[in-house]
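Per-entry structural report
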Amino acid sequence: RANLAGTKAAPRLTQALLADHVDGLVALSGCRESELARRLRAGDRAGARAVAQEYARRFGGPGETIAGAGFVIELAHHLLPDDDWLVAESARLAAELGLPVVVTNNVHYARPGDRELHDVLTAIRHGRSLETLADLRTPSGEHHLKSATELAALPPGDPVTSDPRTARAWAEGIANAGTLA
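The following paragraphs examine the structure supplied in this document. (Residues numbered from 1 in each chain as written. Predicted model: local features only at pLDDT ≥ 70, side-chain atom pairs only at ≥ 80, totals over all residues. Heavy atoms only, no water.)

Details of the side chain of R58
As a reminder, the rule being used: Helix and strand definitions here come from DSSP, where helices need a minimum of 4 consecutive H or I residues and strands a minimum of 2 consecutive E residues; each element is numbered from the N-terminal end. Think of it in three bands: residues with accessible area under 20% of the maximum for their type are buried, residues over 50% are exposed, and the middle band is partly exposed, with areas taken using a 1.4 Å probe on protein chains only. Definition of a polar contact: a pair of N or O atoms within 3.5 Å, with one able to donate and the other able to accept a hydrogen when the atoms are protein atoms, and with sequence-neighbouring residues admitted only if both atoms are side-chain atoms.
With respect to the secondary-structure elements, R58 resides in helix α4 (residues 45-59). A relative accessible area of 19% means that R58 is categorised as buried. Within the structure, the side chain of R58 is placed 2.3 Å from the side chain of Q15, a separation counted as a polar contact.

The following block contains the structure:
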């Protein structure tokens, strides 16, 4: 229905349509451009909390298992300057609300070497040249498909350099991702 209501590559998913189809879904909070993460990055912690609470209400709060959780806070790290902070804040919010976490990777292309092709396709889609695409490129080049081992090695999971609570949340999120998969 969202695809039929929208245009090619731009489905139109409304909150009303979503509300009618929540049974059996596990909803994830989304990437750094999601409503929840954007609010955290803008310093609107109360707004991020309200968003998380609303989605937990809509999809169901923590379940007995991760698959029955309903709404899950995503943790992702792409080696961007504020990723350590965003992961820590997201994990802290999840802990405060009693929501589970899952480690994901915002995948735009399969392998690291596919980044250039992704940039070309993005330029075509937006009618721009590669020279003018800087604001749409993924700056770290870390948006490729990663294994659990690769994700575990990222900074938030390192018990030496990370806050122990964040490192624990990261490890829990990787385990939860495996269970959901």
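Considering the packing of aromatic side chains
Between two aromatic rings, the relevant description is the distance of the centres plus the angle of the planes. As a reminder, the rule being used: Note on aromatic contacts: the rings of Phe and Tyr and the six-membered ring of Trp form a pair at centre separations within 6.5 Å, being stacked when their planes are under 30 degrees apart, edge-to-face when over 60 apart, and tilted otherwise.
Evaluation of the coordinates by the stated rule reveals two aromatic pairs. Centroid distance Y55 to F71: 5.6 Å. Interplanar angle 25 degrees. Geometry classified as stacked. With Y55 in helix α4 and F71 in strand β2 (residues 71-75), the pair connects residues that are 16 residues apart, well separated along the chain. Note on accessibility: Y55 and F71 belong to one class, buried. These aromatic residues form a ring-pair network of at least three members: Y55, F59 and F71.

What about helix α5 (residues 83-97)?
What counts here: Multiplying 1.5 Å by the helix residue count minus one yields the expected span of that helix.
Along its 15 residues, α5 runs 21 Å from first to last C-alpha, staying within 8% of the 21 Å computed at 1.5 Å per residue. Within α5, the full set of buried residues consists of D83, L86, V87, E89, S90, A91, L93, A94 and L97. Looking one or two residues beyond α5, the residue adopting positive phi is G98, at roughly 70 degrees.

Some remarks on a nonpolar patch on the surface
As a reminder, the rule being used: In this analysis, a patch consists of residues with relative accessible area above 30% that form no salt bridge, clustered at 9 Å for like charges and at 5 Å for the nonpolar side chains Val, Leu, Ile, Met, Phe, Trp and Tyr. Exposure was quantified through the Shrake-Rupley algorithm and a 1.4 Å probe, taking into account, for residues, occlusion by the shown protein chains and nothing else. In what follows, salt bridge is the name for a side-chain nitrogen of Lys or Arg lying within 4 Å of a carboxyl oxygen of Asp or Glu.
The grouping of L117, V120, L121, I124 and L130 at the surface amounts to a nonpolar patch, some 460 Å² of accessible area in total. Looking at the secondary structure, you find V120 in helix α6 (residues 115-126).

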